[in-house]
Amino acid sequence: MSLKIYIGGKYYDKADAKISVYDHGLLYGDGVFEGIRAYSGRVFRLQQHVDRLYESARSIHLEIPISREEMAKAITGTLAVNNLVDAYVRVVVTRGAGSLGLDPRKTTDPQIIVIADAISLYPAELYEHGLKIITAGTQRNHPAALNPRIKSLNYLNNILAKIEGTNAGCLEALMLNHKGEIAECTGDNIFVIRKGEVHTPGVDAGILEGITRDAVIELAREAGYKVVERSMDRHDVYIADEVFLTGTAAEVIPVVECDGRPIGTGKPGPITKDLLKRFHTLVREAS
Ligand code: PMP
């Protein structure tokens, strides 16, 4: 059976799911999106994802033409029509079709697209042995230019850093902010563990407020670890006992090398493994 894709309230077969080439989402990256996971038929933190989508839209002055409740139903409905219980859901809201000029006032009807598909994670062995990363030369977007808290369709900043990573043989790359502090990776947030404490850059470092990041902060606190949001630089990563990344697709993944330096013992550490286990339990139990 062909995958059914939601566009503006209707379901289309994958091959027929199309929008205008005049859509400003395509022409200018003008729009917002979300990446969401369903585990055993339950959508993980659905409300938080829907809220972040509407906040991103608000910030770019885009009014989503359906309510948050309708959006949540479009997401669960797309999973249901496709009989998917474990899946990755991509929600996209574009500015809509307009003229060949930037002016968003010349656009009509924003397009709401929901795609539910198989999940694509890092290869399984990396969860056991850890990921190698490099620091990209491409800086994370300056918050005063395009705030990284907006999950916009304009992801070139991250894509350029990702290209640097893959050119260096790494599946992820660390991005620094305009102050030279560590911000986040191209599609994941970063955590650093030192002397038993869990540290992560604060939102003011210019990062996406990751929903997995939030969940892991909560889990770590519940488990009795001290969690500190603070400004860090690459030295903090190099001298860390453990490093891991978090993201909806990645979940919790250990990092064992950065810029050629082994992190800690060069193997995934005990706190990372503990939090990874706790995260798996959480997604199985919670929604
Ligand atoms: N940072 C960036 C730049 C991302 O694209 C993502 C993935 N959406 C994340 C962090 C992780 O966020 P979340 O846990 O909400 O998926």
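The rules behind these values
Residues numbered from 1 in each chain as written. Predicted model: local features only at pLDDT ≥ 70, side-chain atom pairs only at ≥ 80, totals over all residues. Heavy atoms only, no water. Helix = DSSP H or I, 4+ residues; strand = E, 2+ residues; numbered from the N terminus. Rg over C-alpha atoms; globule rule 2.2 N^0.38 Å. Buried < 20%, exposed > 50% of the residue type's maximum accessible area, 1.4 Å probe, protein only. Contact = heavy atoms within 4.5 Å. Lys, Arg positive; Asp, Glu negative; His and termini not counted. Charge placed at Lys NZ, Arg CZ, Asp CG, Glu CD. Domains from an automatic or database assignment. Buried area = accessible area lost by both parts, 1.4 Å probe. Salt bridge = Lys/Arg side-chain N within 4 Å of Asp/Glu carboxyl O. Polar contact = N/O pair within 3.5 Å; in protein donor to acceptor, adjacent residues only side chain to side chain. Phe/Tyr/Trp six-rings, centres within 6.5 Å; stacked < 30°, edge-to-face > 60°. Near = heavy atom within 4 Å. Areas by Shrake-Rupley, 256 points an atom, 1.4 Å probe, with all protein chains shown as cover. 1 Å grid on protein atoms, 1.4 Å probe; cavity = no way out; pocket = protein on both sides within 12 Å on 5 of 7 lines; lining within 4 Å. Sits in = over half its atoms within 2 Å of the grid points.

Draft legend 1. Representation of the overall build of the protein chain within the structure. If you tally the helices and strands in the protein chain, you get eight helices and 15 strands. For 287 residues, the compact-globule formula gives about 19 Å, and the C-alpha radius of gyration of the protein chain, at 19 Å, lands near that figure. Seen along its three principal axes, the alpha-carbon backbone of the protein chain occupies a region of about 55 × 40 × 30 Å. Counting across all 287 residues of the protein chain, residues that qualify as buried make up 51%. Considering only contacts within the protein chain whose residues lie at least 6 apart along the sequence, 68% involve residues at least 24 apart. Charge centroids of the protein chain, computed over 34 positive and 37 negative side chains, lie 1 Å from each other.

Draft legend 2. Quick look at the domain arrangement of the protein chain. Under the domain assignment, the protein chain is made up of domain 1 (4-117) and domain 2 (124-286). Each partner contributes residues to the interface: domain 1 has 25 residues there, and domain 2 has 23 residues. Here domain 1 and domain 2 share an interface that buries about 2000 Å² over both sides, 59% of which is from carbon and sulfur atoms. It is Phe-33, Phe-44 and Arg-52 that lose the most area in domain 1 upon contact with domain 2, and together they represent 31% of the buried surface on that side. One can count two salt bridges joining domain 1 with domain 2. Among the ionic pairs, Arg-45 bridges to Glu-218, the shortest N-O distance being 3.0 Å. Inspection of the domain 1/domain 2 interface yields twelve residue pairs in polar contact (both at pLDDT 80 or more). Looking at the side of domain 1 that touches domain 2, the elements with two or more residues in it are α1 (24-28), β3 (31-39), α2 (46-59) and β5 (87-94).

Draft legend 3. Quick peek at the pattern of salt bridges. Scanning the model with the defined rule gives 16 salt bridges in all. Among the salt bridges present, the one from Arg-230 reaches Asp-236, with a minimum N-O distance of 3.3 Å. Taking relative accessible area as the criterion, Asp-236 reaches 15% and is therefore assigned buried. Residues joined by salt bridges that share partners form a network here, namely Arg-213, Asp-214 and Glu-229.

Draft legend 4. Quick peek at the packing of aromatic side chains. Scanning all chains against the criterion turns up five aromatic pairs. Ring centres of Phe-44 and Phe-279 lie 5.7 Å apart, and the angle between their planes is 80°; on these two criteria the pair is classed as edge-to-face. Within this pair, whereas Phe-44 is found in the loop between β4 (42-43) and α2, its partner Phe-279 is found in helix α8 (residues 270-285), the two being separated by 235 residues in sequence. Each member of the pair, Phe-44 as well as Phe-279, carries the same accessibility label: buried. Both rings, one in Phe-191 and one in Phe-244, keep their centres 4.8 Å apart while their planes meet at 10°; by these two values the pair is stacked. On the criterion of sequence distance, the pair formed by Phe-191 in strand β10 (residues 189-194) and Phe-244 in strand β13 (residues 242-247) is long-range, its members being 53 residues apart. Taking relative accessible area as the criterion, Phe-191 reaches 0% and is therefore assigned buried. A connected cluster of aromatic rings, assembled from ring pairs, spans Tyr-39, Phe-44 and Phe-279.

Draft legend 5. A look at the site of the ligand. The ligand sits among 17 residues. The nearest are Lys-151, Tyr-155, Glu-184, Thr-212 and Thr-248. Within the side chain of Arg-52, an N or O atom sits 2.8 Å from an oxygen atom of the ligand. Considering the ligand on its own, with 380 Å² of exposed area, one finds that the protein chains cover 95% of that surface. Among the cavities detected, the one that contains the ligand is the largest pocket. Those elements giving two or more residues to the shell around the ligand turn out to be α6 (211-222) and β13.

Draft legend 6. Structural detail: unusual backbone geometry. For Lys-195, which is not glycine, the phi dihedral falls at a positive 50°. Mapping Lys-195 onto the fold places it in the loop between β10 and β11 (197-200). One non-glycine residue, Asp-259, adopts positive backbone phi at about 50°. Within the secondary structure, Asp-259 sits in the loop between β14 (251-258) and β15 (261-262).

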